[in-house]
Amino acid sequence: MAISNELMQAKQTLSVRLLRAAARGSGRGLQPAMTMAAAASAAGRNVHAVGIGKKIVNGKETDTLGIRLFVTQKIATSAMAPRDLLPSNVDGIP
């Protein structure tokens, strides 16, 4: 699986942006599930890893490579502030 320079740059961009935000947080790391209110308030610190892998749509892996964001706890988008929503793409890279 060849990884393009654009894909690597998008991963680096999100790593710097999202993992720096997590580092400014409480440093809670991987912990058991918390209340919805607590999870939503900590959403800006929820990403714990950024990688490259196949895109997943409706629970099924596709052949499209993209940036994979790994979160401590999955939170419904309806419970999050718009500023805490994760991007669906970076410069056209899914």
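In this text, all values refer to a predicted model and were calculated from it rather than measured experimentally.

### As for the confidence of the model for the protein chain
Argument step 1. The pLDDT averaged across the protein chain works out to 77; a share of 72% of its residues lies at or above 70.
Argument step 2. Confidence, expressed as mean pLDDT per element, reaches its minimum in the protein chain at helix H2 (residues 36-41) with 56 and its maximum at strand S2 (residues 60-71) with 89.
Argument step 3. When the criterion is pLDDT under 50, residues 26-31 qualifies, and its contacts beyond four places in sequence or with other chains add up to nine contacts.

### Quick look at the pairing of S2
Argument step 1. The sheet contact formed by strand S1 (residues 47-57) and S2 spans nine bridges and is antiparallel. Considered in S2, the bridge of Val57 is made with Lys60.
Argument step 2. The turn linking S1 back onto S2 is made up of two residues, and Asn58 within it adopts a positive phi angle of 50°.

### Some details on the side chain of Ser15
Argument step 1. Of note, Ser15 is situated in helix H1 (residues 5-23).
Argument step 2. On the basis of relative accessible area, Ser15 is assigned to the buried category, the value being 13%.

### Points about the environment of Pro94
Argument step 1. The topology assignment puts Pro94 in the segment after S2.
Argument step 2. As for Pro94 and Thr64, which are separated by 30 residues in sequence, their C-alpha atoms are 8.3 Å apart.
Argument step 3. Once you skip the residues sitting within four places of it in the chain, Pro94 turns out to touch Lys55, Thr64, Leu65, Gly66, Ile67, Ser88 and Asn89.

### A short note on unusual backbone geometry
Argument step 1. Of note in the backbone geometry, Asn58 takes a positive phi value of approximately 50° without being a glycine.
Argument step 2. Tracing the backbone shows Asn58 in the loop between S1 and S2.
Argument step 3. Exposure remark for Asn58: the relative accessible area of 78% places this residue in the exposed category.
Argument step 4. Even without a glycine there, the phi angle at Asp91 is positive, about 50°.
Argument step 5. With respect to the helices, strands and loops of the structure, Asp91 is situated in the segment after S2.

Basis of the calculations
- Residue positions within a chain follow its written sequence, with the count starting from 1.
- Where totals are concerned, whole chains, interfaces and linings use all residues; where local detail is concerned, this predicted model gives features only for residues with pLDDT of at least 70, and gives and counts side-chain atom pairs only at 80 or more.
- Excluding hydrogens and water, the side-chain values take into account all heavy atoms of the structure.
- Every residue is assigned a pLDDT by the predictor, reflecting its confidence on a scale from 0 to 100.
- Counting from the N terminus, the helices are DSSP H or I runs at least four residues long and the strands are E runs at least two residues long.
- Residue contacts are defined here by distance: any two heavy atoms, one from each residue, within 4.5 Å place the two residues in contact.
- Pairing between two strands requires that DSSP report at least two bridges joining them.
- Burial classes: relative accessible area under 20% of the type maximum marks a residue as buried, over 50% as exposed, and values in between as partly exposed (1.4 Å probe, protein chains only).

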